[in-house]
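The primary structure of each chain is shown beneath.
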Amino acid sequence: MIINTMNNLPKSLKVESAYLEQMLDMKNFSASYKMLWLYAIYKEIIMGNNEVSVKKLISRMVGLVWYPIIYYKLNLGAQDKLSDIVLYVHDTLKISREENEHYVSDFIFRSDDKDLNKKVNNISLYVQYRLIRPLYENNIKTRESILGRKLTDSELHSYIADLSNTDIKPFYKIDRENKKIIFGELWAEYIRDNQAIIEGWINYKFICYLQVKNPNVPSIPFKIHQPVKRNLTKAKKYWKIIGDEIKIKDIYTDKVLEQKNFDKYGEVSIDHFIPWSFVLHDELWNLVPTFKNINSSKGNNLPDLEQYYNEFCELQYIAFTIARRSSKIPPKYLEDYFNVNRYLYSLDLNDRCSKDIFINSLRKTISPLYQIASNQGYGNWSFNII
């Protein structure tokens, strides 16, 4: 369930801030275009621009969803065509998933690729009209009442553009001839004066939308922007201590993590069994040591469960058993495992940890995450022995 914790937007004596709520009324959302169009406008206004081309705004819209779609594999909805542009830029034009929002936006804006520009143009046919339509709904109803019929899309767009250009306090004016948007001075001033609150409000709306379209995906509020750096210091220390106690076998190659194998497979690296971009945490129950080259090969994919799951659980159980009795591992490290099963927290150091209970707990945590990640489009990976 989504709980609305956002307060009303700041009031103003110069503009009617409630109009912004009308523009992004969640009841009318079937696609993400309007909120991303508004977000792109917000970005341009904050940068100090008074007008901008329609293509530039749509390019910025695509940049805004680059990480949610390419890095985190979130779904924007069946009717949303921005995903098509993102996937075309990534898969066909070969722009790396690691590129940031600004690079992607600039690339699309400057591109002369015909197919890409056609996709961008298709979005430009309606989005600039639909965002501000609520501001002119009474005018539209009056016009349709006089005509005795609904306006066609072409008539509606022309009428909204005319209204925006005669409005004394427009949110923006639509210059159809030059394909550009001219921001209303009073609204631009309002947005600049309240930029932190307004950006938070737009982000909240976007998060709500993504939660509806991705109901089982964890950590969505952290998946709308470029990821922060991971902190694997704890995991490296943990597995180093375990490695001092036993010879650790890499679960993917069945090779011991020792010097004679490092030349071929690379040094020790910490792997997120379920990709970090899906779980967005570094808890020990999802981490295992592997070789650097193997980890790079696995990338942002899911390991084949049939091949690797038993070895993963076995290694985790052995490590947990050693860690419980090691004076070198801080007790707080084991709290990661308590998140999987509170039974583990109740064990005394002298109590034997049931292997069946441990592995079953891990399975109940891993399996649904694995399935959801697979449904989101994370690929299946296995190591090919050469």
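Remember, predicted model here, so these are calculated numbers, not experimental data.

Criteria and thresholds
- Numbers given to residues run from 1 along each chain, matching the order in which its sequence is written.
- pLDDT decides what is reported in this predicted model: residues at 70 or higher carry local features, side-chain atom pairs at 80 or more are listed and counted, and totals for whole chains, interfaces and linings draw on all residues regardless.
- Hydrogens and water molecules were not included; the side-chain quantities draw on all heavy atoms of the structure.
- What makes a nonpolar core is a set of buried Ala, Val, Leu, Ile, Met, Phe, Trp, Tyr and Cys residues whose side-chain atoms join them at distances within 4.5 Å.
- Burial here depends on accessible area, computed with a 1.4 Å probe over protein chains only, as a share of the maximum for the residue type. Under 20% is buried, over 50% is exposed, and the range in between is partly exposed.
- Whether two residues are in contact is decided by their heavy atoms: any pair within 4.5 Å suffices.
- Axes, fitted as lines to C-alpha atoms, cover a helix only where it is in contact. Angles between the N-to-C directions of the axes lie from 0 to 180 degrees.
- For the purposes of this entry, the term helix denotes a DSSP run of H or I that reaches at least four residues, the term strand denotes a run of E that reaches at least two, and both are numbered from the N terminus.
- With respect to orientation, any angle under 35 degrees is reported as roughly parallel, any angle over 145 as roughly antiparallel, any angle of 65 to 115 as roughly perpendicular, and every other angle as oblique.
- Note that His is not counted, nor are the chain ends; the positive residues are Lys and Arg, and the negative ones are Asp and Glu.
- Within this document, salt bridges are pairs made up of a side-chain nitrogen of Lys or Arg and a carboxyl oxygen of Asp or Glu, the two lying within 4 Å of each other.
- Any N or O atom pair separated by 3.5 Å or less is treated as a polar contact, with the protein-specific requirement of one donor-capable and one acceptor-capable atom, and with residues adjacent in sequence counted only for side-chain atom pairs.
- Here, a strand pair is defined by DSSP locating no fewer than two bridges between the strands.
- Helix crossings fall into two classes, left-handed where the near helix is turned counterclockwise from the far one by less than a right angle and right-handed where it is turned clockwise.
- Residues are grouped as follows: nonpolar covers Ala, Val, Leu, Ile, Met, Phe, Trp, Tyr, Cys and Pro; charged covers Asp, Glu, Lys and Arg; every other residue, Gly included, is treated as polar.

## Quick look at the nonpolar core
- In terms of nonpolar packing, the biggest core is built from 130 residues, with W37, F171, Y172, Y238 and W239 touching the most fellow members.
- When neighbours within four sequence positions are excluded, W37 is seen to be in contact with V54, L57, I58, M61, V127, Q128, L131, Y172 and I181.

## Observations regarding the packing of helix α13 (residues 233-245) against helix α17 (residues 305-325)
- For the pair α13 and α17, the least separation of the axes is 10 Å and the interaxial angle reads 90°. Of the possible angle classes, the one that applies to α13 and α17 is roughly perpendicular. Between α13, through Y238, W239, I242 and E245, and α17, the contact on the second element is made entirely by L315, Q316, A319, F320, I322 and A323.

## Re the side chain of D80
- Mapping D80 onto the fold places it in the loop between α4 (66-71) and α5 (82-92).
- Within the buried core, D80 has no salt-bridge partner, and the shortest N-O distance to an opposite charge, that of K213, equals 7.8 Å.
- Here L82 takes part through its backbone nitrogen, which lies 3.0 Å from a polar atom of the side chain of D80.
- Every residue in contact with D80, bar those within four places of it in the chain, is listed here: A31, S32, Y33 and Y209.

## Some words on the pairing of strand β4 (residues 268-272)
- Counting buried positions over the 5 residues of β4 gives 4, a clear majority of the element.
- Two strands pair when backbone bridges link them, and β4 and strand β5 (residues 287-291) are joined in this way by 5 bridges, in the antiparallel orientation. Following the sheet pairing, D271 is matched in β5 by V288.

## Some points on the pattern of salt bridges
- Applying the stated criterion across every chain yields a total of 17 salt bridges.
- Within the structure, one salt-bridge network assembled from shared partners comprises K247, E258 and K260.

## Thoughts on the packing of α5 against helix α7 (residues 114-124)
- For the pair α5 and α7, interaxial distance at closest approach is 10 Å and the crossing angle is 165°. Here α5 is positioned roughly antiparallel relative to α7, judged by the angle of their axes. Between α5 and α7 lies a crossing of left-handed hand. Of the residues in α7, those in contact with L82, D84, I85, Y88 and V89 of α5 are D115, L116, K119, V120 and I123.
- Residues that form the contact of α5 with α7 fall into these classes: 7 nonpolar, no polar and 3 charged.

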